[in-house]
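Now for the letters of each chain:
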Amino acid sequence: MSRQIEGVKGMRDLLPGEIELWQHVEGLARELFGRFGYGEVRTPMAEDTGLFVRSVGEETDIVGKEMYTFDDKGGRSLSLRPEGTAPAARAYIEHAINNKEPITRWFYMGPMFRYERMKTGRYRQFYQIGAEAYGSKEAAQDAEMMDMVVQFLGALELKDVTLNLNSLGDEACRPAYHAKLVEYLQAHREELCEDCKRRMETNPLRVLDCKNPTCQAVAAAGPNVLEFLCEPCRAHFDDLQRKLTVLGIKYVVNPRMVRGLDYYTRTVFEFIASHPALGTASTVGGGGRYDKMMKGLGGPDVPAVGFAMGLDRLVLLLKESGRTFTSPPDLFVAVADEGSQDAALALASRLRREGLRVDFDTRGGSLKSQMKRADKSGARFTLVLGEAERTSGQAKLKPMAGGDAIPVALDDVAKTLRAARLATAQAGPT
Ligand code: ATP
Ligand code: MG
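Rules behind the numbers
- Residues numbered from 1 in each chain as written.
- Chains lettered and ligands numbered in written order.
- Predicted model: local features only at pLDDT ≥ 70, side-chain atom pairs only at ≥ 80, totals over all residues.
- Heavy atoms only, no water.
- UniProt positions renumbered as here; feature names shortened; annotations may be inferred.
- Domains from an automatic or database assignment.
- Pairing = 2+ DSSP bridges.
- Helix = DSSP H or I, 4+ residues; strand = E, 2+ residues; numbered from the N terminus.
- Axes fitted to C-alpha atoms, helices over the stretch in contact; angles between N-to-C directions.
- Contact = heavy atoms within 4.5 Å.
- Buried < 20%, exposed > 50% of the residue type's maximum accessible area, 1.4 Å probe, protein only.
- Near = heavy atom within 4 Å.
- Polar contact = N/O pair within 3.5 Å; in protein donor to acceptor, adjacent residues only side chain to side chain.
- Areas by Shrake-Rupley, 256 points an atom, 1.4 Å probe, with all protein chains shown as cover.
- Nonpolar A, V, L, I, M, F, W, Y, C, P; charged D, E, K, R; others polar.

- The protein is annotated in an unreviewed UniProt entry as Histidine--tRNA ligase of Pyxidicoccus fallax.
- Regarding the protein, the UniProt comment filed under Subcellular location (unreviewed entry) reads as follows: "Cytoplasm".
- Quoted verbatim from the Sequence similarities (unreviewed entry) field of UniProt, the annotation for the protein is "Belongs to the class-II aminoacyl-tRNA synthetase family."

See the structure below:
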């Protein structure tokens, strides 16, 4: 016997039955983000490794430990994208979008790849829905973006999600904070993990993002970044909070939040869910402002703000809510005798062309076994087609939930089923 080949660890198959949840979330995002003026971009799965090293940062977990990096046959170092902001920025620069319009709003959705330890809500191929707004440095842009996320979570009917907010300052004020942080970390050097002892020298902000509880305790008692903000950064942060209040958005200021990527300046934010099903993977999304990244990648001096939501975690929460999104067939067409097979196939074809969801057992078989199939399919009605129906042009729609059969002309099946659909929709959920 030959060995069965299995899927790659951390990379899942999404099958019908579950995929409807994914489609529901993706559909809501497409529709809602469109209302905010965002257009969809699709960038390749792989990029030049240097793109992520220069934007996300060498010292981050993402680039330092989690990237799928390989040489292609031409000897180029490529990486499967671990996130979507850097690829979108690369595309924005490459297509010189800033020369075409002053403000650009893009969203993306699709798989990302990180070699992470597997647990609940954490996979190696996972999915993000994200958005980027280029061209405005104003706090209004940050607020508008958070409003979009809040409306999105609202449309998903997800409750108990808290918005955490912080500002990391800019090149004017961050150096003073850095210096203070390094001084503080030096004094606590012995309490830090080996990684953080190194990070302290190379990229001290990363210590605040360490998952090690001892490092987190050290970080929590350290200097507060907000006390170091320069006047323009302070004004920007105050402005943002005022605007969130105007929009009726609740938030919590968390001065220890830095996020796991290096490119942020000023605003950073996270949406944290409190559902036990997520375990430690409670951050459903996050983002921030990255006013310097474009220039750092050799592009124009364009300010930007963006976020990414973890689709896997949103789906997990939606699944917990017990709501279902599958749509059963409107009709099951059953065949009473072998001579009616072709007519049944043609009837199913015509009804599908007319917009109905129709199930039909191409194997034929006994009427009894077809009725079993019909039951299992969840179809609302079954129509049995035999010689009598073909001759008279009249059939019956049998409601699978019970009740009287509805007589119907074969030419009017679609019309009658659509009316039935409408009647249920008006009656509301049962
Ligand atoms: P975490 O602290 O949970 O590792 P992160 O800071 O690495 O998150 P980001 O890079 O900001 O996360 O990604 C945004 C969102 O993408 C996260 O909030 C999360 O919902 C989701 N996400 C990140 N990594 C994974 C993963 N390995 N599996 C599933 N979802 C993920
Ligand atoms: Mg992570």
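There's more to say after this.
## Digging into the domain arrangement of the protein
Item 1. If you check the domain split of the protein, you get domain 1 (19–173 + 229–321) and domain 2 (331–427).
Item 2. On a C-alpha basis, the centres of domain 1 and domain 2 stand 48 Å from each other.

## Looking at the sheet that holds strand E14 (residues 381–385)
Item 1. Spatially, 5 strands are ordered E13-E12-E14-E15-E16 in an open sheet, and the strand pairing comes out mixed. What marks the edges here is a single partner per strand, and that holds for strand E13 (358–360) and strand E16 (406–409). The mean angle between the axes of side-by-side strands here comes to 30°, regardless of whether they run parallel or antiparallel.
Item 2. The pairing of strand E12 (residues 331–335) with E13 spans 3 bridges and is classified as parallel. When the sheet's bridge partners are listed, Leu-331 is paired in E13 with Val-358.
Item 3. Relative to the sheet, helix H12 (residues 341–353) contacts E12, E13 and E14, its axis offset from that of E13 by approximately 160°.
Item 4. Sitting on the sheet, helix H13 (residues 367–377) is in contact with E12, E13, E14 and strand E15 (394–399), with an inclination near 170° to E12.

## Regarding unusual backbone geometry
Item 1. With a phi angle near 55°, Asp-160 is a residue other than glycine that sits in the positive phi range.
Item 2. Following the sequence through the fold, Asp-160 ends up in the loop between helix H5 (139–155) and strand E7 (161–167).
Item 3. Take Asp-160: its relative accessible area is 59%, and that puts it in the exposed class.
Item 4. For Arg-266, which is not a glycine, the phi torsion comes out positive at approximately 55°.
Item 5. On the secondary structure map, Arg-266 appears in the loop between strand E8 (252–253) and strand E9 (267–273).

## Some thoughts on helix H11 (residues 311–320)
Item 1. Of all 10 residues that make up H11, 8 are buried, and the element is covered over most of its length.
Item 2. Inspection of H11 places Leu-311, Asp-312, Arg-313, Leu-314, Val-315, Leu-316, Leu-317 and Leu-318 among the buried residues, and these make up the whole buried set.
Item 3. Positive phi shows up at Gly-322, right after H11, with a value of about 80°.

## Considerations on the environment of Gln-394
Item 1. Of note, Gln-394 is situated in strand E15.
Item 2. Measuring from C-alpha to C-alpha, the distance between Gln-394 and Lys-319 comes to 43 Å, with 75 residues separating the pair along the chain.
Item 3. Ignoring anything within four residues of it in the chain, the contact list for Gln-394 reads Glu-389, Val-408, Ala-409 and Leu-410.

## Concerning the sheet that holds E8
Item 1. Spatially, E1-E5-E6-E11-E10-E9-E7-E8 is the arrangement adopted by the 8 strands of the open sheet, whose pairing is mixed. Each edge of the open sheet carries a strand with a single partner, namely strand E1 (39–40) and E8.
Item 2. With 5 bridges joining them, strand E10 (residues 283–289) and strand E11 (residues 304–310) adopt antiparallel strand pairing. Bridge pairing in E11 places Gly-286 opposite Ala-308.
Item 3. Packed onto the sheet, helix H1 (residues 19–35) meets E1, strand E5 (104–113), strand E6 (125–134) and E11 and runs at close to 5° relative to E6.

## A look at the site of ligand 1
Item 1. Every one of the 15 residues lining ligand 1 counts as a neighbour, but Arg-114, Glu-116, Tyr-123, Arg-259 and Thr-283 are closest to it.
Item 2. At 2.7 Å from an oxygen atom of ligand 1 is found a side-chain nitrogen or oxygen belonging to Arg-114.
Item 3. When ligand 1 sits alone it has 580 Å² of accessible area, and the protein chains cover 93% of it.
Item 4. Counting only elements with at least two residues in the shell around ligand 1, the list comes to E6, E10 and E11.
Item 5. If you tally residues by element for the shell around ligand 1, the top one is E10, at 3 residues.
Item 6. For the shell around ligand 1, the residue count by class is 4 nonpolar, 5 polar and 6 charged.

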